Amino acid sequence: MKISELFDRGEFVVTAEVGPPKGFHLEGVIEEAKTYLSGITAVNVTDNQSSVMRMGSLATCKLLKDAGLTPIYQLTCRDRNRIALESDLLSAAAFGIENILCLTGDHTKLGDHPGAKPVFDLDSVSLLHTVRLLESGKDLGGNDLVGEPPKFAAGAVVSPCSDSVDAQLAKMERKVMAGADYFQTQAVFEPDKFIEFMEKAKQFGKPVQLGVIIPKGAAMARYMNNNVAGVHVPDDMLAELAADKERAKAGITGVEIAARVIKACRPYCQGVHIMALGWEKHIPALLEQAGI
Amino acid sequence: MENYTKYRLKDAEELSSVLAGTDKIFVVACNKCFKEFTSVDEPDCEAFVKLAEEQGKTVTGSFKVDFLCNRIQTERKLAGVIPEGTECVFVVSCGLGIQTMAELVKKPVFAASNSLNYTGHHGMALTKKACDACAQCFLNITGGICPVVDCSKSLLNGQCGGAKDGKCEVDPNKDCAWEKIYRKLEQTGRLEEFEKQPVQLRDYNKVNFKVISEYVQSIREKRLDGYYGGVHPSERKEMSEHCPVEVFPESDIMVIPLSQASGKPANPIVQVGDHVKVGQKIGEKAGFISAAVHSSVSGEVIAIEERVHPATRGGLSVVIRNDHKDTLDESVKPKGALEDLSPEDIVKIVEDAGIAGMGGAGFPTSVKLVPGKPIDAVLINACECEPMITADHKLLLGYPDEVIFGLRAVMKAVSSPKGIIVIEDNKPDAIELFKSKCEGLDGIEVVVARTKYPQGAEKMLIKRVLGRMVPSGGLPADVGAVVCNVSTVKAISDAIQLGMPLIERIVSVTGECIKNPGNYLIRFGVSAKDVIEACGGLTCDDVVTKMGGPMMGIPIPNVDVAVIKGTNGIIAYENDHTQEVECIKCGRCADVCPMELEPLYFNRLLKDGNIQGLKDMNINDCMECRCCEYICSSKIPLVTRIKEGKAAVRGLN
Amino acid sequence: MLITELKSKESILSLVTGKVFIINCHGCKEVRFPEAEAEELEKELLASGKVTGVLTTDYICNPENLKLRLERRKTMIAEADAVLVLSCGVGVQSVAEFLPDKKVYAGCDTYRLPGFQGVTPLEVNCDQCGECFLNLTGGICPLTACSKSLVNGQCGGSKNGKCEVDPNMECGWERIYRRLEAVGRLDALKCPVQLRNYATDKDV
């Protein structure tokens, strides 16, 4: 099932993120996904997130699919050149994986193999372009594919609360032009900014999923403010998280905040994307509180 | 030599699409670098202008420039060039030039050319790839053949197995690099060593733009400190800087040239057979720019004759047989307190003492002291930026009070309220001494300048310390400054306080080929040959001997020539055999020229016989500091060419 | 243009086991040469009595002059088991080519000043890609201004306008966006998807 079809039908699409382990035993991940993510539409599988080496996204997608979930295959341009990326897209199609998310990827220097060669032969825009090209039966070398071409719902990302929204919108437009079907956003904590952004992004006519992180505490929120691109937790939320440490630690405060954000933004978006960062267990409560 | 081109015009189709929607365009084209420098003009500019006009575009003008990426020079050259009404600028250049323009021009800037990938072409290896600058040189494991460049796959651990008959799978005309490496290792008996090497991995984190940016920033700071250009030759001062100043014995026969300053040689006022005394005037100033000469010993004049001396303008020398009695001339007596002397008195004393600039140029100091313009700062050049030489350094340490006295005398002579002693930061002991000596002294200060050659040149010193630019063809007085060498002001102090004219100076005898380097107080007329011998002689026979420093010193192939007023050093160093090769237009000479000239053109235009061109490019502004020749990668004797060029330009007038 | 940095002392000392002849190249010193470190190393080696001779010169990448200079020092070189060259990779290879039977060691690692092919090492801003993108970016090179050399816009990793790799570096694509905005050329961002052509090397 392509999630673009759900958007087309006007459904509010809920997705969540899972990260493959640094190892090949996936049982725990599948178990957790089955337990907490059964209520959602699809799961994003990260691709060596933060440039930290892990089990591959493609194989994880395949195993999740076998376990009955709908995977979204994330591809970054950091580790593979155009040949490998095209090849992996065909592999995904062969496994029946229909949803992909195209990203540029963090720089190698940020991860656990800083001496690795950063590839960036393609980037998010040219990767989207490549996907659409493969779907037309051609590869980037101008050669014909043999047999039926693949078909994907190709997503992209955008940061609505970035410090330079105008540049974000310009890039979003390029992604639309290159063929993005839908967008997931970076985590939002400032509904006003998101709404303002969506007013401007409306023109592109593409569904946007609100990005959500359940904040685990004031320290984590401050860390994100200082280090994570496009994420800003406002002071009042910081105060709320700091007020009752036990409550925050138990996830109660975080879920409340995330649910509030979802409620405020829901009229302006076409779905939510939850980046639980290990707190998958809180997802059902969050969805319930948010009224989804 | 093949031309190694940096950029190529984009194809007509792409240019047409870029041109669409633009009009009233101005074209800036770079004359390319790293190429055989045969013609001044490159055809790309005209080709582009033609194409634009064919598209019906109005071209408001075009401008060709060398080294467009040299932002400082480009900014100056471009001032007022782009006409009113221009809407956009097209640049024919490599990416550096295009970006320089994009920064300088506040109009849309378009690239009309593509920069070509030349990764690996460096140094003189212009037409072949030789180094990929990977930041973790593997040549030690591969017998000096680069696996990163020579192997199509840049493999580090041996061949891929794709080679056929020793040729690369990617290019059948190319030898398999790893087969070459294998043969080389075999030949040098290093195969076993290679086999034991651990597995090699590239560390892409090492090529770190941050590291590079830091380099670039520190270079920028150093390169542009105080004034444009200049170089940092190895100082090599450690050979003599720890040696105390010793008095060098006078010779039995002293040969004193009558031409020791710039301008006319002095007229002899003694005759053969005359007995002369120490400090007695033997040559009279012969014109406005000329300086008197005095006897440095007592004895008998035995000849007045022509003696060849490369550091003088030729002319007569007075030869004196020293009686070793050191009888002082009656004229040598203190001239009174500074407070009692008028500016005119000071100028007269300096003139009578035959004082001329002791930094090397030898301009008569008394002339400098009548600037004819208001002066607000006297700069004492105590930089001693010449490599090797330590004479001024020793003088600073030995005679601080005399230096300060001399400075006061100059300030009084030119009515300057301020005196500044400029010392380079490689002489911390002198800086400390002078800072404490000058503390509380009215109007006198010490400025510490970061070492850079030719800091001691008047115009550079003024720019560095006062931030003023002496106009082309102008003098320091035009910007309210007088510059004196530190040894010169010490001589002024001696002339006033002791009444002793200029008859001796401190000389550094140094260089890798001098057996026992040292600093000596030497009377004028002593032969450099005797000095070198007293220092243990030369350590090898293939040497360069110079009077002065390695940069601006004058070669003395025959060392039997007299020490004179401008002799701050007698140096000998190993001959670095080179031969001139063609100019590759690397542009370094333009990058280091402190006068902001383009020395490469002086060589080119002289070859072409274009003397007017030499004049137009301000060859006369050149002060022959030798930075260009020092940096020249083709080893072109640029200063010699410039001297020829200047002579030719004089012929024009 | 290349810049050099001395290899670690351990790695150099492990190479210099026998007698050694040292060559220093000061040709690109005005750009960068680790002069002080090289001198210190030289002193140490001299003190150990391993050095048969030292040649401090410039532009050893100039083969004619290198030949002249090395020939004059034949004996010293012959006495040495290895020649240690403190220069960029071009220089080491020139020496290795001239002394085919000698062990020639590199004492330095070589870094590129990306984009510096002109005369003033003041800016690091052209990667000689052979397919100039400056027309689309308002004259700021996306290959050198962006850590990832992206050609279709920013990666989204910047924080407060600073690059995710180095917080002291401005995001190249934000700079490009601002420049385009300032010169009224934001429409340049509507250009077709850009793809790098890594085959351009062959055209040179």
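Here the structure is a predicted model, which is why all the values come from computation and not from measurement.

Q: Describe in detail the overall build of chain C, supporting the description with residues and values.
A: For chain C, the count of helices and strands is seven helices and six strands. Reading the helices (α) and strands (β) of chain C from amino to carboxyl end gives β-α-β-α-β-α-α-β-α-β-β-α-α. A burial count over chain C gives 64% of its 204 residues as buried. By sequence separation, contacts in chain C at least 24 residues apart represent 61% of the contacts at least 6 residues apart. Entry remark: accessible area of chain C is about 7500 Å², with carbon and sulfur atoms responsible for 50%.

Q: An account of the overall build of chain A is requested, with residue identities and associated values reported.
A: Helix and strand counts for chain A come out as twelve helices and eight strands. The C-alpha atoms of chain A give a radius of gyration of 18 Å, which matches the 19 Å a tight globule of 292 residues would have. Taken along its principal axes, the extent of the C-alpha atoms in chain A is 60 × 45 × 40 Å. Counting all 292 residues of chain A, 57% fall into the buried class. Residue pairs in contact within chain A that sit at least 24 positions apart in sequence constitute 77% of those at least 6 positions apart. Total accessible area on chain A stands at roughly 11700 Å², and carbon and sulfur atoms take up 52% of it. Looking at chain A, you have 31 positive and 37 negative side-chain charges, and the mean spots of the two groups are 1 Å apart.

Q: Tell me about the nonpolar core, and name the residues and values.
A: Nonpolar side chains in soluble globular proteins generally cluster together in the buried interior. Formed by 99 residues in total, the largest nonpolar core has its most connected members in Ile100, Met172, Phe189, Leu210 and Leu286 of chain A. With seven residues, helix H11 (residues 252–265) of chain A is the largest single contributor of residues to this core. Beyond its immediate sequence surroundings of up to four residues, Ile100 of chain A is in contact with Ile72, Tyr73, Leu75, Leu89, Val131, Phe152, Ala153, Ala154, Gly155 and Tyr182 of chain A. One finds Val350, Ile389, Leu521 and Met547 of chain B within the second-largest nonpolar core, a separate group that totals 85 residues.

Q: Any chance you could break down the packing of aromatic side chains for me, citing the residues and the numbers?
A: Residues and elements named next belong to chain B. Inspection of the entire model under this criterion finds five aromatic pairs over all chains. Considering the side-chain rings of Phe248 and Tyr520, the 5.7 Å spacing of their centres and the 85° angle between planes classify their relative orientation as edge-to-face. With Phe248 in the loop between strand S7 (245–247) and strand S8 (253–257) and Tyr520 in strand S20 (residues 518–523), this pair connects stretches of sequence that are 272 residues apart. With relative accessibility at 10%, the residue Tyr520 sits in the buried group.

Q: Any details on the environment of Thr58 of chain B? Residues and values, ideally.
A: By the secondary structure assignment, Thr58 of chain B is in the loop between helix H2 (44–54) and strand S3 (59–65). Non-local contacts of Thr58 of chain B, meaning those with residues more than four positions away in its chain, are made with Asp23, Lys24 and Ile25 of chain B.

Q: How would you summarise the sheet that holds S7 of chain B if you had to cite specific residues and measurements?
A: All names here are of chain B. One open sheet holds the six strands; their spatial order is S7-S20-S19-S23-S21-S22, and the pairing between them is mixed. The open sheet is flanked by S7 and strand S22 (554–555), the only strands paired with a single partner. Alignment of strand S21 (residues 543–547) against strand S23 (residues 569–574), held across five bridges, turns out to be antiparallel. If you follow Thr545 over to S23, its bridge partner there is Ala572. Along the sheet, helix H11 (residues 391–398) contacts S7, strand S19 (504–510) and S20; its crossing angle with S19, the most-contacted strand, is approximately 130°.

Q: I'd like a description of a negative patch on the surface, backed by residues and values.
A: A contiguous patch of negative charge on the surface is contributed by Glu235, Glu238, Glu241, Asp425, Asp429 and Glu432 of chain B together with Glu39 of chain C. Checked against the element boundaries, Glu39 of chain C lands in helix H2 (residues 35–47). The partly exposed category is assigned to Glu39 of chain C, whose relative accessible area is 40%.

Q: Kindly report on helix H1 (residues 12–19) of chain B, identifying the contributing residues and their values.
A: Residue and element names in this part refer to chain B. Within the span of H1, buried status applies to Leu15, Val18 and Leu19. Along H1, the residues classed as buried sweep out an arc of 95° about the axis, all on the same side. Where H1 is buried, its residues touch strand S2 (25–30), H2, strand S4 (88–92) and strand S5 (109–111).

Q: Quick one: what's the story with the environment of Val193 of chain C, residue by residue and with numbers?
A: Mapped onto the secondary structure, Val193 of chain C falls in the segment after helix H7 (172–182). Along the sequence, Val193 of chain C and Asn152 of chain C sit 41 residues apart, while their C-alpha atoms lie 6.7 Å from each other. Residue contacts for Val193 of chain C: discarding those within four places in its chain leaves Val125, Ser126, His129, Arg174, Met177 and Ala178 of chain A together with Asn152 of chain C.

Q: Please provide a residue-by-residue account of helix H6 (residues 177–187) of chain B, values included.
A: Every buried residue of H6 of chain B is accounted for by Ala177, Trp178, Ile181, Lys184 and Leu185 of chain B. For H6 of chain B, the arc enclosing every buried residue in end-on projection is 120°, short of the 170-degree limit, so these residues lie on one face. The inward-facing, buried residues of H6 of chain B contact helix H5 (147–150) and helix H7 (191–195) of chain B together with helix H5 (89–98) of chain C.

Q: Describe the packing of helix H9 (residues 343–352) of chain B against helix H12 (residues 400–414) of chain B, naming the residues involved and giving the relevant values.
A: Residues and elements named next belong to chain B. At a minimum axis separation of 8 Å, H9 and H12 run at an interaxial angle of 125°. By the angle between their axes, H9 is oblique relative to H12. H12 is crossed by H9, and the crossing has left-handed handedness. For the pair H9 and H12, contact is made by Pro343, Ile346 and Val347 and by Ala409, Lys412 and Ala413, respectively.

Q: Which residues make up the domain arrangement of chain C, and what values go with them?
A: By a widespread convention, an interface's size corresponds to the accessible area lost as its parts come together. Taken as a whole, chain C is organised into domain 1 (2–112) and domain 2 (134–203). Domain 1 of chain C and domain 2 of chain C are separated by 40 Å when their C-alpha centres are compared.

Q: Any details on the pattern of salt bridges? Residues and values, ideally.
A: Residues and elements named next belong to chain B. Under the counting rule described, the total for this entry stands at 64 salt bridges over all chains. A salt bridge links Glu504 to Arg523; its shortest N-O distance comes to 3.3 Å. On the criterion of sequence distance, the pair formed by Glu504 in strand S19 and Arg523 in strand S20 is long-range, its members being 19 residues apart. With a relative accessible area of 13%, Arg523 lands in the buried category.

Q: Which residues make up unusual backbone geometry, and what values go with them?
A: Residue and element names in this part refer to chain B. Omega for the bond connecting Tyr453 with Pro454 falls within 30 degrees of zero, at 0°, which places this linkage in the cis form. Mapped onto the elements, Pro454 comes out in the loop between strand S17 (444–449) and helix H14 (458–466). Positive phi, close to 60°, is recorded for Glu624, a residue that is not glycine.

About the criteria used
By convention here, each chain's residues receive numbers from 1 onward along its written sequence. Whichever chain is written first is A, and whichever ligand is written first is 1; the rest continue in order. Under the rules for a predicted model, residues below a pLDDT of 70 receive no local features and side-chain atom pairs below 80 are neither given nor counted, while totals for whole chains, interfaces and linings still include all residues. The side-chain quantities take in all heavy atoms of the structure and omit both hydrogens and water. Put simply, DSSP marks the helices as runs of H or I at least four residues long and the strands as runs of E at least two long, and each gets a number from the N terminus on. Exposure categories follow from relative accessible area, calculated using a 1.4 Å probe and restricted to protein chains: below 20% of the type maximum is buried, above 50% is exposed, and the middle band is partly exposed. Any two residues whose heavy atoms approach within 4.5 Å are treated as being in contact. In this description, accessible areas are obtained by the Shrake-Rupley approach with a 1.4 Å probe, and a residue is regarded as covered only by the protein chains that are shown. For a compact globule the rule gives 2.2 Å times the number of residues to the power 0.38, and the radius of gyration it is set against comes from C-alpha atoms. Charge counting follows a simple rule: Lys and Arg are positive, Asp and Glu are negative, and His as well as the terminal groups are ignored. For the purpose of locating charges, the reference atoms are NZ of Lys, CZ of Arg, CG of Asp and CD of Glu. In these notes, a set of buried Ala, Val, Leu, Ile, Met, Phe, Trp, Tyr and Cys residues joined through side-chain atoms within 4.5 Å is what counts as a nonpolar core. For Phe, Tyr and Trp, rings pair up if their centres lie within 6.5 Å, where Trp contributes its six-membered ring, and each pair is then called stacked (planes under 30 degrees apart), edge-to-face (over 60) or tilted (otherwise). Pairing between strands requires that DSSP locate at least two bridges from one strand to the other. Axes here refer to lines fitted to C-alpha atoms; in helices the fit is confined to the stretch in contact. Angles between the N-to-C directions go from 0 to 180 degrees. Only residues above 30% relative accessible area that lack a salt bridge enter a patch, with like-charged residues linked at up to 9 Å and the nonpolar side chains Val, Leu, Ile, Met, Phe, Trp and Tyr linked at up to 5 Å. Think of a salt bridge as a Lys or Arg side-chain nitrogen and an Asp or Glu carboxyl oxygen that are within 4 Å of each other. Taken from the helix axis, the directions to the C-beta atoms give the arc we talk about. Any angle between 65 and 115 degrees counts as roughly perpendicular, while under 35 counts as roughly parallel, over 145 as roughly antiparallel, and the rest as oblique. Throughout, a crossing is termed right-handed when the near helix is turned clockwise from the far one, and left-handed when it is turned anticlockwise from it by less than a right angle. In this document the domain limits rely on a domain assignment from an automatic tool or a database.

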